Amino acid sequence: NHLRRTQTYIRALAVKLRQHPRFREFLNDDNIESLYKLAPLHDIGKVGIPDHILLKQGKLTPEEYEIMKQHPRIGGDALAAAEASLPAPSRFLHIGREIASGHHEKWDGSGYPQGLKGDDIPISARLMALADVYDALICKRVYKKAFSHADAVAFIVDGRGKHFDPDVVDAFLAIQEEFRQIAERFSD
């Protein structure tokens, strides 16, 4: 259900931001639908991560974490190869590549794999970053308890301008109840 939740979160964010001057040009009906359909591919690069790391029942070592951090590059490369094999450029696969390769970038440049900063991070990846983090926070993992909705919101607010695009955080705050309802509807 992580995939259902994140694709529904990303669509909700996109719809909320579609009239914002910074996002209006990109967030048209076709691209919003593409974001919804492509969001499940955000972690496709994890197919290239060894199972002993991917399925580890506990916290990763620093060395294992460095390997795990390669999944955005692996996913982006796979989608770039698929796009390159087509006779013409594909806007759909291009957005998928942005999501896969950029969803761990951070607004302040401290993310990975490229250390992109601010508006250099594609809009699609900025939306996915917030959707993915919110979902990771509210879900129990072998290495952590689930955050409450209120604690997840506080974490995201704390990351405004650091981890996340400030305008994306503002949109999230305006529709946070919708996020809570999505999480409830597609709970594990």
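The structure this text deals with has already been given above.
Since this is a predicted model, take the numbers as computed values, not measurements.

Describe empty space enclosed by the protein, and please don't skip the residues or the numbers.
In the structure shown here, the tally under the stated rule is one cavity of 30 Å³ or more. Put simply, the largest cavity is a space of about 50 Å³. The element best represented in the lining of the largest cavity is helix α7 (residues 123-138), accounting for three residues. Class assignment for the residues of the lining of the largest cavity results in six nonpolar, one polar and four charged.

Describe helix α8 (residues 149-158), naming the residues involved and giving the relevant values.
For α8, the complete set of buried residues consists of H149, A152, V153 and I156. Along α8, the residues classed as buried sweep out an arc of 100 degrees about the axis, all on the same side. Turned more than 90 degrees away from the buried face of α8 sit A150 and D158, all of them exposed. Structurally, α8 contributes buried residues whose contacts are with α7, α9 (166-174) and α10 (176-185).

Just give me the short version of the packing of helix α5 (residues 71-84) against helix α6 (residues 91-102), but keep the residues and values in it.
Between α5 and α6, the shortest axis-to-axis distance is 7 Å and the interhelical angle comes to 170 degrees. Taken together, the axes of α5 and α6 lie roughly antiparallel to each other. In this structure, α5 uses P72, G75, G76, L79, A80, A82 and E83 to contact α6, whose residues at the interface are L93, H94, G96, R97, A100 and S101. The residue makeup of the contact of α5 with α6, split by class, is six nonpolar, five polar and two charged.

Could you give an account of the pattern of salt bridges, with specific residues and numbers?
The final tally for this structure, using the stated rule, is 17 salt bridges. With a closest N to O distance of 2.6 Å, R18 and D29 form a salt bridge. Taken together, the positions of R18 in the loop between α1 (2-17) and α2 (29-38) and D29 in helix α2 put the pair 11 residues apart, joining distant regions of the chain. The class of R18 is partly exposed, set by a relative accessible area of 23%. On the accessibility criterion, D29 (52% relative accessible area) is exposed. Residue R126 is joined to D165 by a salt bridge in which the shortest nitrogen-to-oxygen separation is 2.7 Å. Placement of R126 in helix α7 and of D165 in the loop between α8 and α9 is noted, with a sequence separation of 39 residues between them. As far as the burial class goes, R126 and D165 line up, both buried.

Conventions used here
- Residues numbered from 1 in each chain as written.
- Predicted model: local features only at pLDDT ≥ 70, side-chain atom pairs only at ≥ 80, totals over all residues.
- Heavy atoms only, no water.
- 1 Å grid on protein atoms, 1.4 Å probe; cavity = no way out; pocket = protein on both sides within 12 Å on 5 of 7 lines; lining within 4 Å.
- Points joined across faces, edges and corners; volume = space filled by probe spheres on them.
- Helix = DSSP H or I, 4+ residues; strand = E, 2+ residues; numbered from the N terminus.
- Nonpolar A, V, L, I, M, F, W, Y, C, P; charged D, E, K, R; others polar.
- Buried < 20%, exposed > 50% of the residue type's maximum accessible area, 1.4 Å probe, protein only.
- Arc of directions from axis to C-beta.
- Contact = heavy atoms within 4.5 Å.
- Axes fitted to C-alpha atoms, helices over the stretch in contact; angles between N-to-C directions.
- Parallel < 35°, antiparallel > 145°, perpendicular 65-115°, else oblique.
- Salt bridge = Lys/Arg side-chain N within 4 Å of Asp/Glu carboxyl O.

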